[in-house]
Amino acid sequence: MTEELLRLSKRMSELGLCSRREADEWIARGWVRVDGKVVSELGSKVYPSQRVTVERQAAAEQSKRVTVLINKPVGYVSGQAEDGYTPAVALIKAENRWAEDRSPEQFHPTQLRSLVAAGRLDIDSVGLLVLTQDGRVAKQLIGHDTDIDKEYLVRVSYTKGGTLPDSELKKLNHGLWLDGKPLLPAKVRWQNEDQLSFTLREGKKRQIRRMCEAVGLKVLGLKRVRIGKIKLGDLPTGQWRYLSADEQF
């Protein structure tokens, strides 16, 4: 089989070196080598068998990029400001840093530059939200091939009288469709008489609310408590902390 040429930025992302956006920045700065030669032209293509390396400056810059975890309150949007609502990134300031954050990282306003949400959390939902400057973290959490699961605690009421039948609980675990496509299997179980735990490996828009609606449940409250191995823990509402060097999703 003959090899197919790939965009250099795409290949760098595949190799886990950085995000495609970062790759374009590094290429333009002359920080990328292919088979030992500097390639500085955007849109350059390479074969998968070619050796791609980056200069020390790129690694040094990447090591300065921060990832923060915030306990998002109701009323904040996770991404860009919209319809007059404030984005969660507005809460990332020195006075809102959790006093128990054990990271040695010092807060500086430059850390807000290119700090973007890696995944969404609806305006009326609360809990763990990840904001990062690091394209590798974003790709890990929201890339097409991510397998990191997320856990939510969801307070519900059954709108059809009585209690939710076991057959409908089974549908929440596997068997529902949204937007014309079957959902991946989920893990949904009762925590107590009015609260369910949802563990999902995908994140369609308002997915849990729509899943609940499909089986006659009304969502009264929704809180994300875990992303991969990272738990919300005791992080207070509206406060944030750094993802420390020894933590991984």
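Residues numbered from 1 in each chain as written. Predicted model: local features only at pLDDT ≥ 70, side-chain atom pairs only at ≥ 80, totals over all residues. Heavy atoms only, no water.

## Some points on the pattern of salt bridges
And step 1. A full pass over the atoms with the stated rule returns 17 salt bridges.
And step 2. Taking the shortest distance from any N to any O, the salt bridge between R11 and E14 comes out at 3.3 Å. With R11 and E14 both in helix α1 (residues 8-14) and three residues apart, this pair spans about one turn of that helix.
And step 3. On the accessibility criterion, E14 (40% relative accessible area) is partly exposed.
And step 4. In this structure, the salt-bridge partner of R226 is D149, at a minimum N-O distance of 2.9 Å. On the criterion of sequence distance, the pair formed by R226 in strand β16 (residues 217-227) and D149 in the loop between α4 (135-142) and β11 (150-158) is long-range, its members being 77 residues apart. (Salt bridge = Lys/Arg side-chain N within 4 Å of Asp/Glu carboxyl O. Helix = DSSP H or I, 4+ residues; strand = E, 2+ residues; numbered from the N terminus. Buried < 20%, exposed > 50% of the residue type's maximum accessible area, 1.4 Å probe, protein only.)

## Let's talk about the nonpolar core
And step 1. Ranked by internal contacts, the top residues of the largest apolar core, which has 33 residues, are Y152, V154, L172, L196, F198, I208 and L217.
And step 2. Of all elements in the fold, only β6 (67-72), β10 (126-132), β11, α5 (166-173), β15 (195-200), α6 (207-214), β16 and β18 (240-242) reach the threshold of two or more residues within this core.
And step 3. Membership of the second largest hydrophobic core comes to 14 residues, among which are W98, A118, L232 and L243. (Core = buried A, V, L, I, M, F, W, Y, C linked by side-chain atoms within 4.5 Å.)

## A look at the packing of aromatic side chains
And step 1. Summed over all chains, the structure comprises two aromatic pairs.
And step 2. Between F107 and W240, the aromatic rings sit 5.7 Å apart at their centres with planes inclined by 55°, giving tilted as the arrangement. Of this pair, F107 sits in the loop between β8 (86-87) and β9 (116-117) while W240 sits in strand β18, and the two are 133 residues apart along the sequence.
And step 3. We classify F107 as partly exposed; its relative accessible area is 24%.
And step 4. On the basis of an interplanar angle of 85° and a centroid distance of 5.0 Å, the ring pair of W240 and Y242 is categorised as edge-to-face. (Phe/Tyr/Trp six-rings, centres within 6.5 Å; stacked < 30°, edge-to-face > 60°.)

The values are spatial; any link to function lies outside them.
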